[in-house]
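Here's the letter readout for the chains.
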Amino acid sequence: MKVYSIRPEYVESFPKIPEEGVLYISRRFNTACHSCYCGCGTKIVTPIRATEYSLAEKGGRVTLHPSVGNWNHPCQSHYVIRDNQILWAGGMSRAEINRGRARDDAEMAQYLGQAGGGWWSKLWAWIKSLFQ
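Residues numbered from 1 in each chain as written. Predicted model: local features only at pLDDT ≥ 70, side-chain atom pairs only at ≥ 80, totals over all residues. Heavy atoms only, no water.

Draft legend 1. Main features of the overall build of the protein. Along the protein, the regular secondary structure elements total two helices and eight strands. For the protein, the α and β elements follow one another from N to C terminus as β-β-β-β-β-β-β-β-α-α. When its C-alpha atoms are laid out on the principal axes, the protein stretches across 40 × 35 × 25 Å. Here the protein holds 132 residues, and the buried ones make up 30% of them. In the protein, the proportion of contacts linking residues at least 24 apart, taken out of those at least 6 apart, comes to 31%. For the protein, the accessible surface area stands at approximately 8,400 Å², while carbon and sulfur atoms represent 54% of it. (Helix = DSSP H or I, 4+ residues; strand = E, 2+ residues; numbered from the N terminus. Buried < 20%, exposed > 50% of the residue type's maximum accessible area, 1.4 Å probe, protein only. Contact = heavy atoms within 4.5 Å. Areas by Shrake-Rupley, 256 points an atom, 1.4 Å probe, with all protein chains shown as cover.)

Draft legend 2. Structural context of the pairing of strand S3 (residues 31-35). Judged by how many residues are buried, S3 sits mostly within the fold: five of five residues are covered. Residues Thr31, Cys33 and Ser35 line one face of S3 and the alternating positions Ala32 and His34 line the opposite face, and both faces are buried. As judged from the three bridges shared by strand S2 (residues 22-26) and S3, these two strands associate in the antiparallel manner. Paired with Ile25 across the two strands is Ala32, which belongs to S3. Connecting the antiparallel pair S2 and S3 is a turn made up of four residues, with Asn30 showing a positive phi of about 50°. (Pairing = 2+ DSSP bridges.)

Draft legend 3. Expanded view of the nonpolar core. Judged by nonpolar contacts, the single largest core of 16 residues is most densely connected at Ile6, Leu23, Tyr37, Val68, Tyr79, Ile81 and Ile86. The set of elements that each furnish at least two residues to this core consists of S2, strand S6 (61-69) and strand S7 (78-82). In terms of residues, this core owes the most to one element, S6, which gives three residues. (Core = buried A, V, L, I, M, F, W, Y, C linked by side-chain atoms within 4.5 Å.)

Draft legend 4. Local environment of the sheet that holds S3. The strand order across the open sheet built from four strands is S1-S2-S3-S4, with neighbouring strands paired in mixed fashion. Edge positions in the sheet fall to strand S1 (7-10) and strand S4 (43-47), since each of these pairs with one other strand and no more. Recorded for the sheet is a direction-independent mean angle of 25° between the axes of neighbouring strands. (Axes fitted to C-alpha atoms, helices over the stretch in contact; angles between N-to-C directions.)

Draft legend 5. Quick peek at the packing of aromatic side chains. Enumeration according to the criterion identifies three aromatic pairs in this entry. Ring plane angle 65° and centroid distance 6.5 Å describe the contact between Tyr4 and Trp88, whose orientation is recorded as edge-to-face. Residue Tyr4 is located in the segment before S1, and its partner Trp88 is located in strand S8 (residues 85-88); the two are separated by 84 residues in the primary sequence. Judged by centre distance (5.4 Å) and plane angle (55°), the rings of Tyr37 and Tyr79 are tilted. Note that Tyr37 is positioned in the loop between S3 and S4 and Tyr79 in strand S7, a separation of 42 residues in sequence. We classify Tyr79 as buried; its relative accessible area is 0%. Each residue in the set Tyr4, Tyr37, Tyr79 and Trp88 is aromatic and connected to the rest through ring pairs, giving one cluster. Just above the ring of Trp88 sits the side chain of Lys2; from NZ or CZ to the centre is 4.4 Å. (Phe/Tyr/Trp six-rings, centres within 6.5 Å; stacked < 30°, edge-to-face > 60°. Lys NZ or Arg CZ within 6 Å of the ring centre and 35° of its normal.)

The following block contains the structure:
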């Protein structure tokens with residue numbers, strides 16, 4: 001069953017089976033985790049880093065940015081977590097997904113280059129080439 005609102009829970013480590021409707025947040029590991037909010041049960045992990053996701057907290061409410069697109073999972077769910085609410089987004093075509101991934105890759109490369117890690121950019125490109 002689709003989830004429309006969530007409860008953030010701060011943890012050291014994630015449970016093996018996440019409870020539906022909970023966004024587990026580990027400050028220690030800068031990562032969030034939840035059971036896909038479409039109800040399929042897939043465990044979704046979102047790294048909280050400058051090059052991945054950001055987490056905003058205000059008055060007990062959380063916002064995770066950008067949207068969560070579960071393109072590698074059968075459900076293909078796409079949603080935004082804003083102020084403890086799930087805002088369901090539409091599906092995306094394979095071309096749209098590929099453009100988004102290319103944009104993410106470009107942002108990652110730019111970030112690594114600006115961070116003074118020129119060799120990191122080369123290493124990241126090499127690692128990515130192994131999986132393409």
